[in-house]
Amino acid sequence: MAIGVLVALTMIFVLRAEGRLSFCSCNRFLIWVGDICSSSNSQQLFDPFSFTHILHGFLLFWLISLLFRRMSPGWQVLLAVVSEAAWEVFENTPFVINRYRAETAALGYEGDTIVNSFGDLLCALVGFLIARRLGFWRSVIVFLVVEVILTFAIRDSLLLEILMLISPISAIKQWQMCR
């Protein structure tokens with residue numbers, strides 16, 4: 001637990017050193033922002049993309065339990081937290097931010113605030129714990145259901161994000177655009 005808190009604090013410190021804002025420049029703190037086309041998206045604690053970070057936790061569970069089968073459950077959780085914290089730092093580098101802007105519908109994306117990255121870290125931890133509780137096959141079903149719901153609700157999902165970052169498809173980008 002203490003090491004996990006230290007990992008989160010390290011992530012916060014590195015994000016701050018990268019120049020990330022702690023809170024939304026709008027000068028208000030919200031627990032949830034549901035409008036993905038809002039300038040508060042990725043700026044507040046949670047938003048619809050928080051669900052993709054829960055799915056990060058599922059992926060981390062599958063990967064860690066496959067590669068580190070003999071590792072104790074506590075160390076597996078810590079490895080998941082370290083992995084997600086590293087992703088949050090990388091996700092907020094100019095390279096990834098510019099890639100999101102160029103290849104996805106997130107045209108005005110400026111990166112996450114520190115509070116949003118912290119919320120994403122919490123979501124991945126929750127996702128990891130849910131997947132561990134469900135086991136592999138039930139977590140695959142839940143993963144797919146959440147993917148379908150996100151695809152229809154916000155025209156995006158974890159798998160679509162990965163696809164669009166690696167091999168963008170202009171028809172998907174147009175479909176995802178805020179109107």
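Before reading further, recall that the structure is shown in the block above.
All of the points below concern the structure found in this document. (Residues numbered from 1 in each chain as written. Predicted model: local features only at pLDDT ≥ 70, side-chain atom pairs only at ≥ 80, totals over all residues. Heavy atoms only, no water.)

### Things to note about the side chain of Gln76
Checked against the element boundaries, Gln76 lands in helix 3 (residues 73-91). If near-sequence neighbours (up to four positions away) are discounted, Gln76 is found in contact with Ile64, Ser65, Phe68, Arg69, Met71 and Phe128. (Helix = DSSP H or I, 4+ residues; strand = E, 2+ residues; numbered from the N terminus. Contact = heavy atoms within 4.5 Å.)

### Details of the packing of helix 1 (residues 2-17) against helix 3
Contact pair helix 1 / helix 3: the axes reach a minimum separation of 10 Å and the direction vectors enclose 5°. For the element pair helix 1 / helix 3, the angle class is roughly parallel. Judged by residue contacts, Ile3, Gly4, Val7, Met11, Val14 and Leu15 of helix 1 engage Trp75, Leu78, Val81, Val82, Ala85, Glu88 and Val89 from helix 3. Split by residue class, the contact of helix 1 with helix 3 holds eleven nonpolar, one polar and one charged. (Axes fitted to C-alpha atoms, helices over the stretch in contact; angles between N-to-C directions. Parallel < 35°, antiparallel > 145°, perpendicular 65-115°, else oblique. Nonpolar A, V, L, I, M, F, W, Y, C, P; charged D, E, K, R; others polar.)

### Quick word on the packing of aromatic side chains
Within this structure, the stated rule accounts for nine aromatic pairs. Ring centres of Trp32 and Phe51 lie 6.3 Å apart, and the angle between their planes is 75°; on these two criteria the pair is classed as edge-to-face. Taken together, the positions of Trp32 in the loop between helix 1 and helix 2 (50-67) and Phe51 in helix 2 put the pair 19 residues apart, joining distant regions of the chain. Note on Trp32: relative accessible area 44%, which makes it partly exposed. On the accessibility criterion, Phe51 (40% relative accessible area) is partly exposed. Judged by centre distance (5.6 Å) and plane angle (80°), the rings of Phe61 and Phe128 are edge-to-face. Taken together, the residues span a long stretch of sequence, with Phe61 in helix 2 and Phe128 in helix 5 (residues 114-134) at a distance of 67 residues. (Phe/Tyr/Trp six-rings, centres within 6.5 Å; stacked < 30°, edge-to-face > 60°. Buried < 20%, exposed > 50% of the residue type's maximum accessible area, 1.4 Å probe, protein only.)

### What about the packing of helix 2 against helix 5?
Running from N to C, helix 2 and helix 5 point in directions that differ by 50°, and their axes come no closer than 6 Å. On the basis of the axis angle, helix 2 is oblique to helix 5. Our pair here, helix 2 against helix 5, has a crossing hand that is right-handed. For the pair helix 2 and helix 5, contact is made by Ser50, His53, Ile54, His56, Gly57, Phe58, Leu60, Phe61 and Ile64 and by Asp120, Cys123, Ala124, Gly127, Phe128, Ile130, Ala131 and Arg132, respectively. Taken together, the residues of the contact of helix 2 with helix 5 break down into ten nonpolar, five polar and two charged. (Left-handed = near helix turned anticlockwise from the far one by under 90°.)

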